[in-house]
Amino acid sequence: MDGDTDLAAVASLIGDRTRARVLIALGDGRALPASVLAAEAGVSASTASAHLSKLVDAGLLTVRAQGRHRYYELAGPDVAAALESLARLAPPGPVRSLREGTKAHAVRKARSCYDHLAGRLGVAVMGALIDRGALVGHDGTHLGVAASSDRLAGPGRDVDYALGESAGIVFGELGVDLPALLASPRRRPLLRYCVDWSEQSHHLAGALGAAVLDSCLTAGWVRRARASRAVHLTDVGARALHDRLGIEL
């Protein structure tokens, strides 16, 4: 007979600094080879391999072979949401170099939360979609003490956002074919939101949030950092988002 949730079993895996760095590096939903993850964690290939095996065995990561390489990724959005929630509770890590300080700033400015935009950029996009009537139902701010289920990080449940009358036009300007997305079969909800841990406001998630990030990447408006969940807003992207959504970062 199963007992209560064994929270300590998962917490001890995430609590190791090397494994935590690996999980953070994979927080943007990409699949990365063991060599890149070893470099990100600052450990040898053999040490990284041992940690990766533990994370796979625990169901936090999945692995697939491609040619001579093995690629690792988060087991799903629930793992990403747990990491975002822990990031909100955790104290800031010590910055020991200019490179680390720059990386921390970049993550807060714009990052991917599994497969959708987060950080100041993600929150700004969400706010602009609401202002332009593409989304309706709330103003994008966290409900604070009035929140029932929502916390300061992770998937939101308190607010029922819906598509507004201008959704087709506004999302179309972002390169998202909304009618095609609505007509396509999906294994996940179209429209969801997360409470952004660094901004304490809402950013767009779900299949629609993923489509917006995909479109921004394809258009060259943002580009991924090499081994970080940060994304960098390009000059072309800054102009495009200003022209289409009035966003200024």
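This report concerns the structure included in the present document. (Residues numbered from 1 in each chain as written. Predicted model: local features only at pLDDT ≥ 70, side-chain atom pairs only at ≥ 80, totals over all residues. Heavy atoms only, no water.)

Within the open sheet, the three strands sit side by side as S7-S9-S10. Their pairing is antiparallel. Across the chains shown, the open sheet's two edge strands, defined by having one partner strand only, are strand S7 (154-155) and strand S10 (202-205). Of the strands in this sheet, strand S9 (192-195) and S10 are in contact with helix H7 (residues 119-131), which crosses S10 at around 85°. Lying on the sheet, helix H10 (residues 206-219) is in contact with S9 and S10; it crosses S10 at an angle near 90°. (Pairing = 2+ DSSP bridges. Helix = DSSP H or I, 4+ residues; strand = E, 2+ residues; numbered from the N terminus. Contact = heavy atoms within 4.5 Å. Axes fitted to C-alpha atoms, helices over the stretch in contact; angles between N-to-C directions.)

Another aspect to go through is the nonpolar core. Leu129, Leu135, Phe171, Leu204, Leu208 and Leu245 are the most contacted members of the largest nonpolar core, which has 36 residues in total. Elements with a contribution of two residues or more to this core: H7, helix H8 (167-173), helix H9 (178-183), S9, H10 and helix H11 (235-245). Tallying contributions element by element places H7 first for this core, with six residues. What phenylalanine 171 contacts, discounting residues up to four positions off in sequence, is Leu129, Ala134, Leu135, Leu163, Val176, Leu178, Leu204, Leu208 and Val212. (Core = buried A, V, L, I, M, F, W, Y, C linked by side-chain atoms within 4.5 Å. Buried < 20%, exposed > 50% of the residue type's maximum accessible area, 1.4 Å probe, protein only.)

This next bit is on unusual backbone geometry. Although it is not a glycine, tyrosine 114 adopts a positive phi angle of roughly 65°. Residue position: tyrosine 114 is located in the loop between strand S4 (111-113) and strand S5 (116-118). You can call tyrosine 114 buried: its relative accessible area is 19%.

Let's shift gears to the sheet that holds strand S1 (residues 32-33). The strand order across the open sheet built from three strands is S1-S3-S2, with neighbouring strands paired in antiparallel fashion. Every interior strand has two partners, whereas the edge strands, S1 and strand S2 (61-66), have only one. Sheet strands touched by helix H4 (residues 45-57): S2 and strand S3 (69-74). Its angle to S2, the strand with the most contacts, is close to 115°.

With that out of the way, let us pick up the packing of helix H1 (residues 7-15) against helix H2 (residues 17-25). Where H1 meets H2, the axes come as close as 5 Å, and the angle between the chain directions of the two elements is 85°. When the interaxial angle is binned, H1 and H2 end up roughly perpendicular. Residue-level inspection shows Ser12, Leu13, Ile14 and Gly15 of H1 in contact with H2, the latter providing Arg17, Arg19, Ala20 and Leu23. Per-class residue counts for the contact of H1 with H2 are four nonpolar, two polar and two charged. (Parallel < 35°, antiparallel > 145°, perpendicular 65-115°, else oblique. Nonpolar A, V, L, I, M, F, W, Y, C, P; charged D, E, K, R; others polar.)

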